[in-house]
Amino acid sequence: MKTVNYKTKNYFNVRSGLPLQRFQHLTDCPMKPVYTQELFAADLIGEQAGKESQPMISFPEDAWTIQAGDVVYSQSSLTASPVSEGSGGCVISQNYLVLRPESVLDPGYLVYLLNEGSGIRKQLASRLQGNQLQRVTVKDLESLQLPPLPKMEVQKAIGEVYLWQKRLTFLREKSIQNREKLVMASLKGIGNEQ
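Residues numbered from 1 in each chain as written. Predicted model: local features only at pLDDT ≥ 70, side-chain atom pairs only at ≥ 80, totals over all residues. Heavy atoms only, no water.

Draft legend 1. Focus on the overall build of the protein chain. Scanning the protein chain from N- to C-terminus turns up five helices and eight strands. Scanning the protein chain from its N terminus toward the C terminus, one meets helices and strands in the order β-β-β-α-β-β-β-β-α-α-α-β-α. Across the 194 residues that make up the protein chain, the buried fraction comes to 38%. Pairs at least 24 residues apart make up 76% of the contacts formed inside the protein chain by residues separated by at least 6 positions. Surface accessibility of the protein chain: about 11700 Å² in total, with carbon and sulfur atoms responsible for 54%. (Helix = DSSP H or I, 4+ residues; strand = E, 2+ residues; numbered from the N terminus. Buried < 20%, exposed > 50% of the residue type's maximum accessible area, 1.4 Å probe, protein only. Contact = heavy atoms within 4.5 Å. Areas by Shrake-Rupley, 256 points an atom, 1.4 Å probe, with all protein chains shown as cover.)

Draft legend 2. Up close: the packing of helix α2 (residues 107-116) against helix α3 (residues 118-128). Here α2 crosses α3 at 55 degrees, and the two axes come no closer than 6 Å. The angle between the axes of α2 and α3 places the two elements in the oblique class. On α3, the residues that touch Leu113, Leu114, Asn115 and Glu116 of α2 are Ser118, Ile120 and Arg121. Of the residues assigned to the contact of α2 with α3, the class counts are three nonpolar, two polar and two charged. (Axes fitted to C-alpha atoms, helices over the stretch in contact; angles between N-to-C directions. Parallel < 35°, antiparallel > 145°, perpendicular 65-115°, else oblique. Nonpolar A, V, L, I, M, F, W, Y, C, P; charged D, E, K, R; others polar.)

Draft legend 3. Expanded view of the packing of aromatic side chains. Evaluation of the coordinates by the stated rule reveals four aromatic pairs. With 6.1 Å between their ring centres and 35 degrees between their planes, Tyr109 and Tyr112 make a pair best called tilted. Of this pair, Tyr109 and Tyr112 both sit in helix α2, three residues apart, which is roughly one turn of the helix. On the accessibility criterion, Tyr112 (29% relative accessible area) is partly exposed. (Phe/Tyr/Trp six-rings, centres within 6.5 Å; stacked < 30°, edge-to-face > 60°.)

Draft legend 4. Region of interest: the nonpolar core. One finds Phe12, Tyr73, Leu99, Leu114, Val136 and Leu141 to be the most contacted residues of the largest nonpolar core, which totals 24 residues. Where this core is concerned, the elements lending two or more residues are β2 (12-16), β5 (71-74), β7 (96-101), α2 and α3. The element that contributes the greatest number of residues to this core is α2, accounting for five residues. Setting aside residues up to four positions removed in sequence, Phe12 forms contacts with Leu99, Arg100, Pro101, Glu102, Leu105, Leu110, Leu141 and Leu146. Of all hydrophobic cores here, the second largest spans 17 residues; its members include Leu20, Ile57, Phe59 and Trp64. (Core = buried A, V, L, I, M, F, W, Y, C linked by side-chain atoms within 4.5 Å.)

Draft legend 5. Region of the structure containing the pairing of β7. Summarising burial for β7: five of the six residues are buried, a large majority. Relative to β7, β2 is paired through five bridges, and the arrangement is antiparallel. Considered in β7, the bridge of Asn13 is made with Arg100. Here four bridges tie β5 to β7, and the two strands are oriented antiparallel to one another. Bridge assignment links Val71 to a residue of β7, and that residue is Leu99. (Pairing = 2+ DSSP bridges.)

Draft legend 6. Spotlight on the environment of Leu113. Examined against the element boundaries, Leu113 turns out to sit in helix α2. Separated by 33 residues in the primary sequence, Leu113 and Ala80 have C-alpha atoms spaced 9.1 Å apart. The contacts of Leu113, once residues within four sequence positions are left out, are Ile120, Leu146 and Pro147.

Draft legend 7. Highlighting the confidence of the model for the protein chain. Averaged over every residue, the pLDDT of the protein chain is 83; the share at 70 or more is 84%. Per-element confidence in the protein chain ranges from a low mean pLDDT of 48 for strand β1 (residues 6-7) to a high of 96 for α2. Predicted confidence is poor over residues 1-8, with pLDDT under 50, and the contacts of this stretch with residues over four places away or in other chains come to 18 contacts. (pLDDT = per-residue confidence, 0-100.)

Draft legend 8. Highlighting the sheet that holds strand β6 (residues 80-82). If you trace the four strands from one edge of the open sheet to the other, you get β2-β7-β5-β6, paired in antiparallel fashion. Edge positions in the sheet fall to β2 and β6, since each of these pairs with one other strand and no more. Across the sheet, the axes of successive neighbouring strands diverge by a mean angle of 25 degrees, strand direction being ignored. Strands in contact with helix α1 (residues 37-45) are β5, β6 and β7; relative to β6, the strand with the most contacts, it is inclined by about 70 degrees.

So this is what it looks like as structure tokens:
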């Protein structure tokens, strides 16, 4: 089977998050929510996480923030998550990379490729070999060779099914945990009657 390689520069732009500690001294700038691992996880499973409880930082008005339709790549978990409407407008730290897909690439499909695409995972793993600190760089993502892209309708379908499956898996696990808590709480009352 012949593989056609395409440079990602044709499909998405990559930016690194910012060192937020540099902005902590600013006092005359508006406060903006900081994108956290909790928002990252909530966006991946389709949960609504309130920005109200998120840490805030004084940040220049004209500085860039993430927006719905972006894809965030976590340096710590080496996984990707779509940015939801609720997470748009957050400031992002240097623990994340932001991918902004062009119109020919669906964000959900890009998340699927980064998290599950064996060819993509192999490329990223080969760049990390021998590194003490396992971090993917902007250059690593920019140099990825994507497989040929299917039609946009197919990309959207794959992305939606993938994200719905992530949500379904989360809900199943949550249900099991809640059931276990209920059983354990019920057991505490048995045998203690006088």
